[in-house]
Amino acid sequence: MTSPTLKPPQAISLTQIAEQAERAEAMMGQIRAAMLAPTARKAAPIFNLSQLAALLGAEKGSVSHRMGRGDLPTGRLNEAGSRREFTLAEVRAWVREYRKDRLRPAGAEAVTVSVGNFKGGVGKTTTAMTLAQGLSLLGHRVLVIDTDPQGSLTTLFGILPDTEVDERQTILPLAMGSETSIRYAIQPTYWDGIDLVAAAPVLFGAEFALPARQTQEPGFEFWNVLHYGVDDVRAEYDAIVIDTPPALSYTTINAFMASNGIVMPLPPNALDFASASQFWSLFSDLTTELLSRRGLDKDFDFISILLSRVDSSDATGAIVRQWIQSTYTDKVLPVEIPKTAVTATTSAEFGTVYDVSKYDGSAKTFKRARDAYDQFVSHIETSIQAVWRKQVQASTMNRKAGR
Ligand SMILES: Nc1ncnc2c1ncn2[C@@H]1O[C@H](COP(=O)(O)OP(=O)(O)O)[C@@H](O)[C@H]1O
Ligand SMILES: [Mg+2]
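Note that this is a predicted model, so its numbers are computed, not measured.

**Q** In this structure, what is going on with the sheet that holds strand 5 (residues 142–146)? I would like to understand it.
**A** Each strand in a sheet pairs with another by means of backbone hydrogen bonds, the pair being arranged parallel or else antiparallel. Taken in spatial order, the eight strands of this open sheet run 6-7-5-8-4-9-10-11, and their pairing is mixed. With partners counted over all chains shown, the strands left at the sheet margins are strand 6 (187–188) and strand 11 (332–338), one partner each. Sheet topology note: the strand 4 (residues 111–115)/strand 9 (residues 261–266) ladder contains three bridges and is parallel. Counted as the bridge partner of Ser114 is Ile262 from strand 9. Those strands touched by helix 5 (residues 124–137) are strand 4, strand 5, strand 7 (194–197), strand 8 (239–243), strand 9 and strand 10 (302–310), and its axis lies near 165° from that of strand 8.

**Q** In this structure, what is going on with the site of ligand 1? I would like to understand it.
**A** The environment of ligand 1 is made up of 16 residues, and the closest members are Lys124, Thr125, Thr126, Thr343 and Ser347. Secondary structure elements with two or more residues in the shell around ligand 1: helix 5 and helix 14 (341–348). In terms of residue class, the shell around ligand 1 is made up of four nonpolar, nine polar and three charged.

**Q** What should I look at first to understand unusual backbone geometry in this one?
**A** Apart from glycine, the bulk of residues carry a negative phi angle, and the bulk of peptide bonds sit in the trans form. A positive phi angle, near 50°, is found at Arg309, a position not held by glycine. Exposure remark for Arg309: the 21 C-beta atoms within 10 Å place this residue in the buried category. With a phi angle near 35°, Thr329 is a residue other than glycine that sits in the positive phi range. Of note, Thr329 is situated in the loop between helix 13 (317–328) and strand 11.

**Q** Any chance you could explain the domain arrangement of the protein here in plain terms?
**A** Interfaces are often sized by the amount of accessible area the parts lose when they come together. With domains assigned, the protein is organised as domain 1 (47–95) and domain 2 (107–400). For domain 1 versus domain 2, the distance between C-alpha centres works out to 31 Å. With five residues of domain 1 at the contact, the number on the domain 2 side is seven residues. Counting residues per element, the side of domain 1 that touches domain 2 draws most heavily on helix 4 (residues 88–98), which supplies four residues. Considering only residue class, the side of domain 1 that touches domain 2 consists of four nonpolar, no polar and one charged.

**Q** Got a minute to help me understand the nonpolar core in this structure?
**A** Proteins that are soluble and globular tend to have nonpolar side chains buried together. Formed by 93 residues in total, the largest nonpolar core has its most connected members in Ala132, Val142, Val144, Ile171, Ala239, Ile240 and Val241. Of all the elements, helix 15 (residues 363–400) adds the most residues to this core, at nine residues. Shared between two domains, this core takes at least three residues from each, and those domains are domain 1 (47–95) and domain 2 (107–400). Once residues lying within four places of it in the same chain are set aside, the contact partners of Ile240 are Ala110, Thr112, Leu143, Ile145 and Val230.

**Q** I'm lost on the packing of helix 5 against helix 15 in this one. Help?
**A** Helix packing for two helices is described by the angle between their axes and how far apart those axes are. For the pair helix 5 and helix 15, interaxial distance at closest approach is 9 Å and the crossing angle is 75°. One way to sum up the angle between helix 5 and helix 15 is to call them roughly perpendicular. Taken together, the residues of helix 15 that come into contact with helix 5 (itself represented by Thr130, Leu131, Gly134 and Leu135) are Tyr373, Asp374, Val377, Ile380 and Glu381. Grouping the amino acids of the contact of helix 5 with helix 15 by side-chain chemistry returns five nonpolar, two polar and two charged.

**Q** I would appreciate a short explanation of the packing of helix 2 (residues 49–56) against helix 4 in the present structure.
**A** Across the interface, helix 2 lies against helix 4 with an axial gap of 9 Å and an inter-helix angle of 30°. Judged by the angle between their axes, helix 2 and helix 4 are roughly parallel. Here helix 2 runs over helix 4; the crossing is right-handed. Within the contact between the two elements, helix 2 uses Leu52, Leu55 and Leu56 and helix 4 uses Val91, Trp94, Val95 and Tyr98.

**Q** Any chance you could explain the pairing of strand 4 here in plain terms?
**A** For a regular strand, side-chain orientation follows a simple rule: the groups alternate between the two sheet faces. Here strand 4 lies mainly inside the structure; five of its five residues are buried. Alternating residues of strand 4 divide into Val111, Val113 and Val115 and Thr112 and Ser114, and every residue in both groups is buried. Across five bridges, the pairing between strand 4 and strand 8 is parallel. Note that in strand 8 the partner of Val115 across the bridge is Asp243.

**Q** Help me understand the sheet that holds strand 2 (residues 76–77) in this model?
**A** The three strands lie next to each other as 1-3-2, forming an open sheet whose pairing is antiparallel. Each having just a single partner strand, strand 1 (47–48) and strand 2 make up the two edges of the open sheet. The pairing of strand 2 with strand 3 (residues 84–86) spans two bridges and is antiparallel. Looking at strand 3, one finds that Arg76 is bridged to Glu85.

**Q** What is the right way to look at the environment of Asp195 in this model?
**A** As for its position among the elements, Asp195 is in strand 7. It is 10.0 Å that separates the C-alpha atoms of Asp195 and Ala185, two residues lying ten residues apart in sequence. Those residues in contact with Asp195 that lie beyond four places of it in its chain are Leu143, Ile186, Gln187, Pro188 and Thr189.

Basis of the calculations
- Residues numbered from 1 in each chain as written.
- Chains lettered and ligands numbered in written order.
- Predicted model: local features only at pLDDT ≥ 70, side-chain atom pairs only at ≥ 80, totals over all residues.
- Pairing = 2+ DSSP bridges.
- Helix = DSSP H or I, 4+ residues; strand = E, 2+ residues; numbered from the N terminus.
- Contact = placed C-beta atoms within 7 Å.
- Axes fitted to C-alpha atoms, helices over the stretch in contact; angles between N-to-C directions.
- Near = placed C-beta within 6 Å.
- Nonpolar A, V, L, I, M, F, W, Y, C, P; charged D, E, K, R; others polar.
- Buried ≥ 20, exposed ≤ 12 C-beta atoms within 10 Å, placed from the backbone.
- Domains from an automatic or database assignment.
- Core = buried A, V, L, I, M, F, W, Y, C linked by C-beta atoms within 7 Å.
- Parallel < 35°, antiparallel > 145°, perpendicular 65-115°, else oblique.
- Left-handed = near helix turned anticlockwise from the far one by under 90°.

Here's what the structure looks like:
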């Protein structure tokens, strides 16, 4: 058994890596300082009636009318008595009622989506978090798994990886083989409808544990540990969203092998394009080595390229977008996430566009960002629903065949 090659992307110099490391360290310092401040605990946003109506795709008047039936949460008036407010949990109860026919059908189970790319800073973690939040606002129940030892996604949940995450809240015991189901690691979060499996620097241990087990345990498949690990909880969630580290590591391979779909955020610039190309060729080499040579195979239900951090003032963007389009063709989602002050501002407060109850900056800027993320989430929801239909069909066929 050869181990996966962990070649760095050749287009990035050591100086660039050192600079990037410095930037990351400085950023972590800022994050820690702000998070440790006494007020820096995360709370889910509060919704007003207009926001509730928008999520339901209904008129405010008809929502008020529907409230009269008394079977859905009525929220409460704010302190001034001027406005009705709803918690996230209340809003999700409404959404689940209004979107009944678009939720997971009987006979289907959680669809797993990994967000991956070799590079850091392309928007993986932001994409994973907004996808989870967006899906939950569409009524779905989501399990989020952070597989990046740096724990950025964990941080977005208001949890400090270095000091607040115990090894048993991560996938490390799964990787070590002391657990076979991921259930032990699941914790509820500040966000109704999203549970979390956290990450912390100890998770680097998985990079040693998995190859060691491969040489010691006969029949062990190091790439399927997470795949089997989530089996036990697939029936309890509608989607499982996995954030991955910026490397094709043992853990990253586990994330992909556990997934129905892959989302790759890709900023339209030359370096990121080059890095992404290497990602796919390395991925292909690796899966050939691991699976094809053993007579095994793996199908993905969807692979989606998400144009991320799109800087409309960048003149080269149009050219690179052309390259992306001709390379990845129908896999490119018809939506672009703009490089936006909204994400920059909200992430400074360890949040995303969905964490904002009321944006302090320009309403137009906020809407543009929010619309882009909403569209992205909606496209992935469509892919997830297609997988559910396949699952239902398969289970019906199995039933008919008496299996
Ligand atoms: N659309 C965007 N506009 C502006 N900044 C963004 C956008 N998406 C992500 N960022 C910022 O870029 C940085 C890297 O994003 P992140 O999601 O952590 O990427 P990765 O997980 O690939 O390293 C973060 O500070 C994040 O807030
Ligand atoms: Mg990340």
